[in-house]
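Residue-level structural notes
Each chain is listed here by its residues.
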Amino acid sequence: ANMLYAAAGDNEYFRWEDPATGGNTNSTLTVNELGGQVSAVFTSPNVGNRVYFGTGEGTIVRVDDANTGADSTAKAGTLLLDLTEGYISSIEVQAGDEDHLLATLSNYGVESVFESTDGGSTWTNIEGNLPNMPVRWGIFNPSDPNEVLLATDLGVWSTTNLDGANTVWMPTNANLAN
């Protein structure tokens, strides 16, 4: 939709409606379900104008029709995850399967990688054998959704088999520095 979404104040997101042309049409919208400051944003590759927001308070909220509403509009969101602790660092949705989601957290001492296969109704901890470290980002391999790559404080880690708590992660740092 050629829009840019970002954090604003508590329970708010910023929408820049014409970044491609350098315009200045923008809005700040309120989503009470956020419960705090936005820390991660992901636009769905499958459903137009659907945006996922993560917060520094460990919540993930889905907003449909995020492209609508004037400045200061209150939008309805669907709370998908509420961990009560942890900083959501990334959200990923598998291209072609809106039900397959990945969420990462960037804190020490918390479970830091979660998967949902039902659109966010339930989540499974897939941290497996990862060391206790912040995870900055996670992505699905576009060619194989069972393969996930993670950007961590200890370099890149990956798995080719998402298997809940039994997921085995391997450092994937060939020719890369940690």
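Let me sum up the structure you'll find in this document. (Residues numbered from 1 in each chain as written. Predicted model: local features only at pLDDT ≥ 70, side-chain atom pairs only at ≥ 80, totals over all residues. Heavy atoms only, no water.)

Remarks on the pattern of salt bridges
Using the following cut-off: Take a side-chain nitrogen of Lys or Arg and a carboxyl oxygen of Asp or Glu: if they are within 4 Å of each other, that pair is a salt bridge. Each helix corresponds to a stretch of at least 4 residues labelled H or I by DSSP, and each strand to a stretch of at least 2 residues labelled E; elements are numbered beginning at the N terminus. Under the scheme applied here, a residue whose accessible area is under 20% of the maximum for its type counts as buried, over 50% as exposed, and between as partly exposed, the area being computed with a 1.4 Å probe on protein chains only.
Within this structure, the stated rule accounts for five salt bridges. Of the charged contacts, one joins Arg50 and Asp64 as a salt bridge, the two residues approaching to 2.5 Å between their closest N and O atoms. On the criterion of sequence distance, the pair formed by Arg50 in the loop between strand 4 (38-43) and strand 5 (51-55) and Asp64 in the loop between strand 6 (59-63) and strand 7 (78-82) is long-range, its members being 14 residues apart. The exposure class of Asp64 is partly exposed, given its relative accessible area of 30%. Asp64 is the salt-bridge partner of Arg62, the closest N and O atoms lying 3.5 Å from each other. Bridged by salt links that share partners, the residues Arg50, Arg62, Asp64 and Glu98 form one connected network.

Details of the sheet that holds strand 12 (residues 135-141)
We count it as follows: Strand pairing is assigned whenever DSSP identifies at least 2 bridges connecting the two strands.
Judged by pairing direction, the sheet is antiparallel, and its four strands sit side by side in the order 12-13-14-15 without closing on themselves. A strand with exactly one partner marks an edge of an open sheet, and here the two such strands are strand 12 and strand 15 (170-171). With six bridges connecting them, strand 12 and strand 13 (residues 144-152) associate as antiparallel partners. Opposite Val135, over in strand 13, you have Thr152 as the bridge partner.

A short note on the nonpolar core
The line we're drawing: Residues enter a nonpolar core if they are buried and are Ala, Val, Leu, Ile, Met, Phe, Trp, Tyr or Cys, with the set joined through side-chain atoms within 4.5 Å. Contacts are assigned to residue pairs that have any heavy atoms within 4.5 Å of one another.
Ranked by internal contacts, the top residues of the largest apolar core, which has 15 residues, are Tyr52, Ile60, Leu80, Ile88, Ile91, Leu101 and Trp123. Residue assignment for this core shows that the elements contributing at least two residues are strand 4, strand 7, strand 8 (88-93) and strand 9 (101-105). Among residues more than four places away in sequence, those in contact with Ile88 are Ser39, Ala40, Gly54, Thr55, Gly58, Thr59, Ile60, Leu81, Thr104 and Leu105. Listed in part, the twelve residues of the second largest apolar core include Leu102, Ile126, Val148 and Leu162.

Observations concerning the environment of Asn161
With respect to the secondary-structure elements, Asn161 resides in the loop between strand 14 (155-159) and strand 15. What makes Asn161 partly exposed here is its relative accessible area of 45%. Sequence spacing of Asn161 and Asp144 is 17 residues, and the spatial spacing of their C-alpha atoms is 9.9 Å. Setting aside residues no more than four positions away along its own chain, Asn161 makes contact with Asn146 and Thr167.

A short note on the pairing of strand 9
Burial analysis of strand 9 places five of its five residues in the buried class, the great majority of the element. Residues Leu101, Ala103 and Leu105 of strand 9 are buried on one face, and the alternating residues Leu102 and Thr104, pointing to the opposite face, are buried as well. Here strand 8 pairs with strand 9 via five bridges, running antiparallel. When the bridges of strand 9 are listed, Ser90 appears paired with Thr104. One ladder, built from four bridges, connects strand 9 with strand 10 (residues 113-116); its direction is antiparallel. Note that in strand 10 the partner of Leu101 across the bridge is Ser116.

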